[in-house]
Amino acid sequence: MRAGTRRWLTTAVAGGVIVLGAATPAVAADGETADTYATIVDPSGRPTYVEVEAPTAAQEIRRAESLPGSVGAAVETPVTITGAASADPLRSLQWDNDALRLDAITPRPAVAGQLVAVIDTGVSAAEEDWASGQVRCDLGTDVVGDAYTASSGGTGCVDPHGHGTHVAGTVGAVAGNGIGMAGVAGGVQILPVRALDASGSGGDVDIARGLVWAVDHGATVINMSIGGPQSGAYDAAVAYAAGHRVPVVVANGNNRLSGNAPQWPAAAPGVIAVAATEAGGDSAYYSNSSGTALIAAPGSRILSMDARHTTPGTPYVYMSGTSMASPHVAAIAALWLAAHPAGTVEQLRDALIATATDLGTSGFDDLYGYGLVNPYELLTPAPEPVVEDPEPAPAPAPVVDEPAPVPSLVAPEAPASVQVVAQTEALRVTWTAVAGTDTAPVEGYRVYRNGTLRATLAGTSFTDPVDGGVAYTYAVEAFGAGGTSARVSAVGTARWAAAGLSVNRTSVLKKGRIVVRGTSLRPGSTVVVRETYAYRKSTRTVVLASVRVSAGDNVSFSVLPVQGARTGTLSLQAVDHNGRVLRAGRSIRVG
């Protein structure tokens, strides 16, 4: 990174209605430029983003492209938010739920097991229309750090802006509880990923990192109501999500009246981009119409939660934008996946297209994509066809045959060549298929870990996520109609993931905090952060933080650099699972 990078975007207000939208990036007064990252994709398809440093931008790009495993360079670009039947007292004000016929969907798929990640300005977990524990602060993260508090703990469960909470409320506010409003997938669990700061601005690489975090922490659907200029940082992260059957739903952008250029990540391959409609079904005047939208949803004057409580006693507010349209589709995707737990991202896209209500030009068009999302058609099973009974035919004369002798069935042979192959925090168990016979048919295999059943499957391999450094015993048996074979065992030990120490930024304003992250560290060990800075004609070193790795093997916390020093060096120290000391250093700038 070249010294002193900074990036900002603004929010837009149209006609007195809040329309928080993807605007042209502002250039810092001091002419500072953006960071460059190498996108490194491991054999499983998981991307990581490694910052590179060089005197010029061109040298940084060449260096990023030449790193081992790199699939390209990503020059950080700014992003911002793209918008700002029930006993619930405010349900009658939700025209969007009426337009989508949500109350007519019976039975409604149960949302248990679904986890919708909201990558945004954070999600306030203190709002009245959440169920206890519905916002999963234990799984969330804050990759920005400007609103870090002891209570939020870097979990993403704080929202000084309010945009992310409004989006999350549309997705999952509890329905039928006599409080507030009704979310589209009322009661669904929310995973907060705070990647935009208190002004609603952030960087594309932070967004991509948040997307990978969401996949790794169990998200079944991801919503990103954000937009910015062209960026390749999203491609590997979206592909990683699709490889884990996690759809990524994004806002299409609000810039139709200001150039109408395609917005990212709406134009990134593999996403489900959502345009906005008005209450009458017309395309919203601000909704991007460059042809990137797959589908449309209500986006104007959408009522949802207000984390800032701008109206005393009424923690709800109207907002407009494609940001408000996107969470409708994300919630509908969660309902579809609840009804189709084995569904893929492509199957979901096909189902959304096939059931959409065509608007505008027949077929696909730039305003609506394939039309208005139609959850009623998507989620309501087709009626069973009525078949009239035919006239009974005369019964034929009975034919009596001697039954053929039934062979006696026996259990199949035991699997051969059972092996346990070590992977990074996973073990892959393989075996040779058993050849079934008429008397010893094979229906499948059961895999046990330390005596506990882990999987029943028809194939001949199974990958099991486990902690590294621990020996596990696996046993495999074949089964069929004639019984179960003997178990064949093998032992394996997974590798620990490579330990890492990183910071989210190296240039901050006065009183700005830097988020420190440690991954795959030894539980019970301590992460120490020191800062060395020039003082008069000498240097001083102070300890900024000493944090114990108390739960799991990852840690995230923020530090406040020395305010009197414009430049300094952060020294990070931790211990990995193998007892090796891990050190990292970063030059920083304050002010």
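A.B. asks: Quick one: what's the story with the overall build of the protein, residue by residue and with numbers?
C.D. replies: Counting its secondary structure elements, the protein contains eight helices and 33 strands. Counting every position in the protein, which comprises 591 residues, the buried fraction comes to 50%. For the protein, the accessible area works out to roughly 25,600 Å², and carbon and sulfur atoms hold 54% of it.

A.B. asks: Give a detailed account of the packing of aromatic side chains, specifying residues and quantitative values.
C.D. replies: Note on aromatic pairs: each is described by the distance of the centres and the angle between the planes. Tallied over the entire structure, the rule returns three aromatic pairs. The ring of Tyr376 has Arg101 sitting right over it, with the charged end atom 3.8 Å from the ring centre. Taking the ring centre of Tyr448 as reference, the NZ or CZ of Arg487 above it sits at 3.6 Å.

A.B. asks: How would you sum up the state of the cysteines? Please name residues and give values.
C.D. replies: The tally for this structure, following the rule as stated, stands at one disulfide. The disulfide partner of Cys137 is Cys157, and the S-S distance across this bridge is 2.1 Å. Here the disulfide of Cys137 and Cys157 is left-handed, its torsion about the S-S bond being about -110°. Taken together, the positions of Cys137 in the loop between strand 7 (115–120) and strand 8 (141–142) and Cys157 in the loop between strand 8 and helix 3 (163–172) put the pair 20 residues apart, joining distant regions of the chain.

A.B. asks: Quick rundown of the environment of Asn254? Include the residues and the values.
C.D. replies: Residue placement: Asn254 occurs in the loop between strand 13 (248–251) and strand 14 (272–277). According to the relative accessible area criterion, Asn254 is buried, its value standing at 10%. Along the sequence, Asn254 and Asn288 sit 34 residues apart, while their C-alpha atoms lie 5.4 Å from each other. Within polar-contact distance, the side chain of Asn254 engages the side chain of Thr322 at 2.8 Å.

A.B. asks: Break down the sheet that holds strand 22 (residues 461–465) for me, with residues and values.
C.D. replies: Across the sheet, three strands lie side by side as 18-19-22; this open sheet has antiparallel pairing. Two strands lie at the open edges of the sheet, namely strand 18 (416–423) and strand 22, each paired on one side alone. Each strand axis lies, on average, 15° off the axis of its neighbour in the sheet, ignoring direction. Pairing geometry for strand 19 (residues 426–432) and strand 22, over five bridges, is antiparallel. Its bridge partner lying in strand 22, Thr430 is registered against Ser461.

A.B. asks: Give me the lowdown on the sheet that holds strand 4 (residues 47–52), citing residues and values where you can.
C.D. replies: On the basis of which strands lie adjacent, the open sheet formed by three strands has the order 4-3-5 and antiparallel pairing. With partners counted over all chains shown, the strands left at the sheet margins are strand 4 and strand 5 (70–75), one partner each. Pairs of neighbouring strands in the sheet enclose a mean axial angle of 30°, with direction left out of account. Alignment of strand 3 (residues 36–41) against strand 4, held across six bridges, turns out to be antiparallel. Note on strand 4: the bridge partner recorded for Ala38 is Val50. Those strands touched by helix 4 (residues 204–216) are strand 3, strand 4 and strand 5, and its axis lies near 150° from that of strand 4.

A.B. asks: Lay out the pairing of strand 7 in plain terms, naming residues and giving numbers.
C.D. replies: With six of its six residues buried, strand 7 lies for the most part within the structure. Here strand 7 shows two buried faces, one formed by Leu115, Ala117 and Ile119 and the other by Val116, Val118 and Asp120. Where strand 7 meets strand 9 (residues 189–194), six bridges bridge the pair, whose relative direction is parallel. Across the sheet, the residue bridging to Leu115 is Gln189, located in strand 9. When strand 7 meets strand 11 (residues 221–224), the two strands line up parallel, connected through three bridges. When the bridges of strand 11 are listed, Val116 appears paired with Val221.

A.B. asks: Let's hear about the pattern of salt bridges: which residues, and what values?
C.D. replies: Considering all chains together, one arrives at 14 salt bridges under this definition. The salt bridge partner of Arg449 is Asp464, with a shortest N-O separation of 2.9 Å. Here Arg449 is found in strand 20 (residues 444–449), whereas its partner Asp464 is found in strand 22, with 15 residues between them in sequence. The partner of Asp576 in a salt bridge is Arg580, with the nearest N and O atoms 3.4 Å apart. In this structure Asp576 comes out as buried when scored by relative accessible area, which is 10%. Given the relative accessible area of 52%, Arg580 is considered exposed. Within this structure, Glu51, Glu53 and Arg586 form a network of salt bridges that share partners.

A.B. asks: Explain unusual backbone geometry to me, using residue names and the numbers behind them.
C.D. replies: With an omega of -5°, the peptide bond between Thr106 and Pro107 qualifies as cis. Within the element layout of this structure, Pro107 appears in the loop between helix 2 (95–99) and strand 7. In the Ramachandran plot, Arg301 falls in the positive-phi region, its phi being about 50° despite a non-glycine side chain. For Arg301, the location among the structural elements is in the loop between strand 15 (295–298) and strand 16 (302–305). At Ser520, a position not held by glycine, the phi torsion is positive, near 55°. By the element assignment, Ser520 lies in the loop between strand 28 (514–519) and strand 29 (526–535).

A.B. asks: Summarise helix 4; cite the residues concerned and give the values.
C.D. replies: In this model, helix 4 (13 residues) spans 19 Å end to end at C-alpha, consistent with the 18 Å of a helix rising 1.5 Å per residue. For helix 4, a buried count of ten out of 13 residues is recorded, marking the element as mostly surrounded by other parts of the structure. Among the residues of helix 4, Asp204, Val205, Asp206, Ile207, Ala208, Gly210, Leu211, Val212, Ala214 and Val215 are the ones counted as buried.

A.B. asks: Can you explain the side chain of Thr36? Please cite residues and give values.
C.D. replies: Secondary-structure assignment places Thr36 in strand 3. Assessed through its relative accessible area of 1%, Thr36 is described here as buried. Of the polar contacts made by the side chain of Thr36, one reaches the side chain of Glu60; its length is 2.7 Å.

A.B. asks: Quick one: what's the story with the packing of helix 4 against helix 5 (residues 233–243), residue by residue and with numbers?
C.D. replies: Two elements in contact, helix 4 and helix 5, have axes separated by 9 Å at closest approach and are oriented at 10°. The pairing of helix 4 with helix 5 is recorded here as roughly parallel in orientation. Within the contact between the two elements, helix 4 uses Asp204, Val205, Ile207, Ala208, Leu211, Val212, Val215 and Asp216 and helix 5 uses Ala233, Tyr234, Ala237, Val238, Tyr240 and Ala241. For the contact of helix 4 with helix 5, the class distribution of residues is twelve nonpolar, no polar and two charged.

A.B. asks: I'd like a rundown of the side chain of Ser520, residues and numbers included.
C.D. replies: The exposure class assigned to Ser520 is buried, which follows from its relative accessible area of 3%. Leaving out residues up to four positions away in the same chain, Ser520 has contacts with Glu425, Trp496, Ala497, Ala498, Ala499, Asp553, Asn554, Asp576 and His577.

A.B. asks: I'd love a proper account of the nonpolar core, names of residues and values included.
C.D. replies: One recurring pattern in soluble globular proteins is that nonpolar side chains are buried together. The biggest cluster of nonpolar side chains holds 55 residues, and the ones touching the most others in it are Ile190, Val221, Val329, Leu352 and Val373. In terms of residue count, the dominant contributor to this core is helix 6 (residues 322–339) (eleven residues). In this structure Val329 touches Val249, Ile272, Val274, Ile295, Ala297, Leu352 and Val373, once residues within four positions along its chain are discounted. The next biggest cluster of nonpolar side chains, apart from the first, holds 40 residues, and it includes Ala117, Leu139, Val246 and Val271.

Thresholds applied
- Residues numbered from 1 in each chain as written.
- Predicted model: local features only at pLDDT ≥ 70, side-chain atom pairs only at ≥ 80, totals over all residues.
- Heavy atoms only, no water.
- Helix = DSSP H or I, 4+ residues; strand = E, 2+ residues; numbered from the N terminus.
- Buried < 20%, exposed > 50% of the residue type's maximum accessible area, 1.4 Å probe, protein only.
- Areas by Shrake-Rupley, 256 points an atom, 1.4 Å probe, with all protein chains shown as cover.
- Phe/Tyr/Trp six-rings, centres within 6.5 Å; stacked < 30°, edge-to-face > 60°.
- Lys NZ or Arg CZ within 6 Å of the ring centre and 35° of its normal.
- Disulfide = S-S within 2.5 Å.
- Polar contact = N/O pair within 3.5 Å; in protein donor to acceptor, adjacent residues only side chain to side chain.
- Pairing = 2+ DSSP bridges.
- Axes fitted to C-alpha atoms, helices over the stretch in contact; angles between N-to-C directions.
- Contact = heavy atoms within 4.5 Å.
- Salt bridge = Lys/Arg side-chain N within 4 Å of Asp/Glu carboxyl O.
- Expected span 1.5 Å × (residues − 1).
- Parallel < 35°, antiparallel > 145°, perpendicular 65-115°, else oblique.
- Nonpolar A, V, L, I, M, F, W, Y, C, P; charged D, E, K, R; others polar.
- Core = buried A, V, L, I, M, F, W, Y, C linked by side-chain atoms within 4.5 Å.

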